[in-house]
Amino acid sequence: MAMGHGPGGPMKQKATGEKAKDFKGSIKKLMKYIGRYKIAIAIVVIFAIGSTVFNVIGPKILGNATTELYNGIMSKYTGGSGIDFGKIAGILVGLLCIYVASSIFGFVQNFLMSTVTQKVGYRLRKDISSKINLLPMNYFDRRQTGETLSIISNDVDTLCTSLNQVATQMVTSISTIIGVLYMMFSINWMMTLIALFILPISLIFISIVFKFSQKHFRAQQDYLGHVNGQVEETVGGVNIVQVFNNVEKNKEEFEKTNDMLYKSAWKSQFISGLMGPIMQGVGNIAYVGIAILGGYLAIQNTITVGDIQSFIQYVRQFTQPIQQLAQVSNMMQQMSASAERIFEFLDEEEESQKAENHCKKPNGQNITVEDITGDVTFDHVKFGYNDDKIIIHDFSAKIKQGQKIAIVGPTGAGKTTMVKLLMRFYDLNGGHILVDGYDIKDFDRRELRELYGMVLQDTWLFTGSIMENIRYGRLDATDEEVKEAAKAAHVHGFVKHLPDGYNMELNEEASNVSQGQKQLLTIARTILADPKILILDEATSSVDTRTEIRIQKAMDNLMKGRTSFIIAHRLSTIKDADLILFMKDGDIVEQGNHEELLAKGGYYAELYNSQFDKVG
């Protein structure tokens, strides 16, 4: 199934090799989110260091036990007292206490860091959710729904998981390296220099791998968004895909995007996965040198056998945090790629919600929804989704409160666009839209939209009970008010025969009720909202004639006393409209009532007669 694109044009595909645009900037913004948890982070650092210190001390104490055991064995062979098991037991008990303390410190550290990262994720999802309601319509015209969903789910989850591991491992690794270096130098400086030989080599390899893998991690996150978008479209339109026999085409498009995701993910994982084997190989070289030098020094009685054992353990502890830092760099790449996408979304230009100059009454108070009656004036409206492509050139009309206005015309004439402009989903390129003489730009957007109620061809119902779906029109409505609205919308009759009645749960696609019943439920919701101005967009175009009659009766109840804008292709449904506006190429070319337009014999008469002839 081909992906849909809005007026903004096709969404640009990001190149596989695209690098992160602003790594430092994204991390800096992330630090602001973490900043409010400074105390918890400080405690995490303290406990991480404490856990590391106890771990670092352990090998030295174990080495003392080994030395004591070795000396006891040698003493026995030379006629001495032999092994002092009491002393060895005391050393081992102390060692056990140290490791238990280290585990407790590690537990507290992980608990606090997990709490912090999940709170950061919670705040990010909350901010993303709020941001969605502040974005202009053209943002969604330019992007797939799946991309936004991918940011909320995949990117936030990746960021939180990586942040948890990065923060704890970084502190632990750095403190381990410092502690181990101190202990190694305290044992023997020559052996320590051999161990340090691996550090610059490791850093060189890490920087090389980081450089090559970062661009692929960014591409991986981008293509993951594309794949999610295609999956969301395919699942949502699975019946259309099958009806038009486009399964193979849809499969080809998905495989192409999935292949790009596979390649970028494979490259990022493979390149970053090289860090472990490289570090292990470099570490083994150091082991050989230490074993040779340690054996020589033991023969010279410069160090004890226990010190050699401790030192080998410290070398292992030294290489492990370096490998962990390599993994941290890997996770930081994933984290920065996700953070960049999240903050790019959060930095998107928002739609202004507040009016610069709010319309006021003569006494200086703001005009409210309750003060509006429903007069609407379109004054030389000019609009285009792009400045260089104007689709509505000069649209003017005056509508009185309570009138029924029908907007008709061929596809692409600008009918639905006019409604979007009325609700200020888009701002005009020229002219004015007035409600009761007040420019709609002088209302807060949310306040303005409280004036309107909409019934669309594509019904929108959510998973929940029928009662909850109707109450969505006015959340504080009582059960009785919901049922009264249902009766006015001719919903009550079929609902009482459903299993559980008003408490029946609608499934995800609301497929357990018919298309006509869905439409009646949306009308009931709108009746409950009690708007001043109604917008009915192709509300009866997808139902049978008998259901259409029921819906029409429900809409008649809905339209009583309200200014109503009806967009319709079936001209038989709008004969009694007070004013019919015929639109062509973005402009009103004819206006009048049904009889007047038929008498003119123009565009409306031609369209009406063509429909009548088809019926005949």
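In what follows, the structure referred to is the one given above.
Going along each chain's sequence as written, the residues are numbered from 1 onward. Note on the predicted model: pLDDT of at least 70 is required for a residue's local features to be given, and 80 or more for side-chain atom pairs to be given and counted; whole-chain, interface and lining totals, by contrast, use all residues. The side-chain figures draw on all heavy atoms in the structure; neither hydrogens nor water molecules are used.

Chemist: Please explain the overall build of the protein as it appears in this structure.
Modeler: Only DSSP runs of H or I with at least four residues qualify as helices, and only runs of E with at least two residues qualify as strands; both kinds are numbered from the N terminus onward. When its secondary structure is counted, the protein shows 20 helices and 12 strands. The criterion used for residue contact is that any of the two residues' heavy atoms lie within 4.5 Å. In the protein, the share of contacts with a sequence separation of at least 24, taken over all contacts with a separation of at least 6, comes to 80%. What sets the accessible areas is the Shrake-Rupley method with a 1.4 Å probe; for residues, cover comes only from the shown protein chains. Carbon and sulfur atoms provide 57% of the accessible area of the protein, an area that totals close to 31100 Å².

Chemist: Would you explain the sheet that holds strand β1 (residues 376-383) in this entry?
Modeler: As a general point, the strands of a sheet are linked pairwise by backbone hydrogen bonds and lie either parallel or antiparallel. If you walk across this open sheet you meet the 4 strands as β2-β1-β4-β5, and the pairing is antiparallel. Every other strand in the sheet has two partners, leaving β2 (392-399) and β5 (438-439) as the edge strands with one partner each. At least two DSSP bridges between two strands are needed for those strands to be called paired. In this sheet, β5 lies alongside strand β4 (residues 430-435) in antiparallel orientation, the contact comprising 2 bridges. Its bridge partner being in β5, Leu 434 is matched across the sheet by Asp 439. Note on geometry: axes are lines fitted to C-alpha atoms, helical ones only across the stretch in contact, with angles between N-to-C directions running from 0 to 180 degrees. Contacts from helix α12 (residues 415-422) reach β1, β2 and β4 within the one sheet, and its direction differs from that of β1 by about 115°.

Chemist: Is there a simple way to explain unusual backbone geometry in this structure?
Modeler: Negative phi characterises most residues that are not glycine, and trans characterises most peptide bonds. Located in the positive-phi region is His 380, a residue other than glycine, with phi close to 50°. In this fold, His 380 is placed in strand β1. The phi dihedral of Asp 500 is positive, around 70°, even though this residue is not glycine. When you line up the elements, Asp 500 lands in the loop between α16 (492-495) and β8 (505-506). Overall, the relative accessible area of 61% leaves Asp 500 in the exposed class. Burial here depends on accessible area, computed with a 1.4 Å probe over protein chains only, as a share of the maximum for the residue type. Under 20% is buried, over 50% is exposed, and the range in between is partly exposed.

Chemist: Is there a simple way to think about the pairing of strand β10 (residues 563-567) in this case?
Modeler: Consecutive side chains along a regular strand alternate between the two faces of the sheet. In terms of burial, β10 is a largely internal element, 5 of the 5 residues being buried. Of the strand pairs in this sheet, strand β9 (residues 533-537) and β10 are connected by 5 bridges, and their pairing is parallel. From the neighbouring strand, Leu 536 faces β10, where its bridge partner is Ile 566.

Chemist: Is there a simple way to explain the environment of Leu 181 in this structure?
Modeler: Along the chain, Leu 181 turns up in helix α5 (residues 145-187). With 133 residues separating them along the chain, Leu 181 and Tyr 314 place their C-alpha atoms 8.2 Å apart. Excluding residues that lie within four positions of it along the chain, Leu 181 makes contacts with Thr 192, Leu 196 and Phe 318.

Chemist: Looking at this structure, how should I read the packing of helix α1 (residues 23-34) against helix α3 (residues 85-132)?
Modeler: When two helices pack together, their arrangement is given by the angle between their axes and by how far apart the axes lie. Packing of α1 against α3 leaves a shortest axis separation of 10 Å and a crossing angle of 110°. Classified by the interaxial angle, the pair formed by α1 and α3 is roughly perpendicular. Every residue of α3 that contacts α1 at Leu 30, Tyr 33 and Ile 34 is listed here: Val 120, Arg 123, Leu 124 and Asp 127. Across the contact of α1 with α3, the residue classes tally to 5 nonpolar, no polar and 2 charged. By the definition adopted for this analysis, an angle is roughly parallel if under 35 degrees, roughly antiparallel if over 145, roughly perpendicular if from 65 to 115, and oblique otherwise. Side-chain classes are defined by residue name, with Ala, Val, Leu, Ile, Met, Phe, Trp, Tyr, Cys and Pro counting as nonpolar, Asp, Glu, Lys and Arg as charged, and the others, Gly among them, as polar.

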